[in-house]
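Chain by chain, the residues:
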Amino acid sequence: MSEVIDGKLVAQHIRQKLKNDVEKLRENGIVPKLAVIMVGDNESSKIYVRNKSIACKEIGVEYKEYLLPEKTNMKELLELIDELNNDKSVNGVLLQSPIPKDLDINEAFKAIAPEKDVDGFNPCSVGKLCLGQDTFISCTPYGIIKLLEEYGIDIEGKDAVVVGRSNIVGKPMMQCLLNKNATVTICHSKTVKLERLTKKADILVVAIGKPKFITKEMVKENAIVIDVGINRDENGKICGDVDFDEVSKVASYITPVPGGVGPMTVAMLMNNIVKATKLQNKM
Ligand code: NDP
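As the structure is a prediction and not an experimental result, all values here were calculated from the model.

### Quick notes on helix α7 (residues 170-179)
Within the span of α7, buried status applies to Gly170, Pro172, Met173, Gln175, Cys176 and Leu177. Against α5 (123-131), α6 (139-150), β5 (159-163), β6 (183-187) and β7 (203-206) lie the buried residues of α7. Backbone geometry just downstream of α7 places Asn181 in the positive-phi region, at approximately 70°.

Structure follows, in structure tokens:
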């Protein structure tokens, strides 16, 4: 039976530490501020953004939301990003995805000032991650690395398999694991016979958005299984990309959904906003 990795608890400890950091910043007259941009009306985004605002409030970060209508054009979006880049009271700028399809999200991410890029999606941040340089690391992969470290799980020398190659999870996850000296394989929808690869993984990270897709048969005995997926099962209950009940019989460690990776994503966003504030104030 697996040990269940408690992301909620680890995230709580991280937030507590950050709360102390923010208190010290405030004593020096510095109030970290996060600006969040949402374009259009997306139910999931509203929940994610709400969680972020709650975390900001808890640790003492000022939070401001910019809700742009569905019909916003690229020029208007870029103008807002530019305004926030130039606003000295704002330390971090986050564009919540998805945005409407006729807007170019990569162009928008590129417009966010690298020093305020708390989500780590600006090409400059991505490039630095690839080069192994200090940067803002995108929050989900960063949170997963922190979880593994917190549980004393050695990454170096492990065979790691990442399923999913999105720019926000799969690819930066691959890079984070590589930077920690794992041997990494990355899989996607065109991968042939996925299970021959997942079955070799000492560390298996799954981020595909398909409920309970990874079954016990696809997982190596004693593997460490990290489930990024957030889906609804046939009964409308939140579940991950991994069949938790079955896979937990073979894995050594496993993250639950909810309560695994999700809370860590928010905690690492808080980490990045505090880091951005300190860097901008040369602390
Ligand atoms: P995307 O839809 O952007 O990417 C999904 C990836 O999965 C793609 O690379 C796709 O391959 C791959 N894929 C799809 N089907 C298969 C398959 N059958 N076999 C192998 N690979 C497959 O998703 P995201 O990365 O944005 O999100 C993934 C999941 O993680 C979602 O459930 C999302 O809600 C969740 N999520 C959770 C977060 C958290 O904090 N816990 C944060 C962000 C996301 P291809 O590239 O070939 O199309």
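### Comments concerning the sheet that holds β5
Ordered by their spatial adjacency, 6 strands build an open sheet running β1-β11-β8-β7-β5-β6, and the pairing between neighbours is parallel. Looking at strand neighbours, the two that pair on one side only are β1 (3-4) and β6, the edges of this open sheet. Each of β5, β6 and β7 is contacted by α7, which is oriented at about 170° to β6, the strand it contacts most.

### Description of the pairing of β5
Taking burial as the measure, the 5 residues of β5 include 4 buried ones, the bulk of the element. By the bridge criterion, 5 bridges tie β5 to β6 in an arrangement that is parallel. In the sheet register, Asp159 faces β6, and the bridge partner there is Thr183. With α7 bridging β5 and the parallel β6, this β-α-β connection has right-handed handedness.

### Side note on the pattern of salt bridges
This model, assessed by the stated rule, comprises 15 salt bridges. The partner of Lys17 in a salt bridge is Asp21, and the shortest N-O contact between them spans 3.1 Å. Note that Lys17 and Asp21 are positioned in helix α1 (residues 7-27) at a spacing of 4 residues, about one turn of the helix. With a closest N to O distance of 2.7 Å, Lys220 and Asp202 form a salt bridge. Here the residue Lys220 occupies a position in the loop between β7 and β8 (224-227), and Asp202 occupies one in the loop between α8 (194-198) and β7, the gap between them amounting to 18 residues.

### A closer look at the site of the ligand
In the vicinity of the ligand lie 22 residues, with Arg165, Ser166, Ser189, Lys210 and Thr265 positioned nearest. One of the backbone nitrogen or oxygen atoms of Val228 is found 3.3 Å away from a nitrogen atom of the ligand. Between the ligand and the protein, one listed contact pairs an oxygen atom with a side-chain N or O atom of Thr265 at 2.7 Å. Computed on the free molecule, the ligand has an accessible area of 930 Å², of which 72% lies beneath the protein chains in the complex. For the shell around the ligand, the leading source of residues is helix α10 (residues 261-280), giving 3 residues.

What counts, and at which threshold
Residues numbered from 1 in each chain as written. Predicted model: local features only at pLDDT ≥ 70, side-chain atom pairs only at ≥ 80, totals over all residues. Heavy atoms only, no water. Buried < 20%, exposed > 50% of the residue type's maximum accessible area, 1.4 Å probe, protein only. Helix = DSSP H or I, 4+ residues; strand = E, 2+ residues; numbered from the N terminus. Contact = heavy atoms within 4.5 Å. Pairing = 2+ DSSP bridges. Axes fitted to C-alpha atoms, helices over the stretch in contact; angles between N-to-C directions. Right-handed = clockwise from strand over helix to strand, strands pointing away. Salt bridge = Lys/Arg side-chain N within 4 Å of Asp/Glu carboxyl O. Near = heavy atom within 4 Å. Polar contact = N/O pair within 3.5 Å; in protein donor to acceptor, adjacent residues only side chain to side chain. Areas by Shrake-Rupley, 256 points an atom, 1.4 Å probe, with all protein chains shown as cover.

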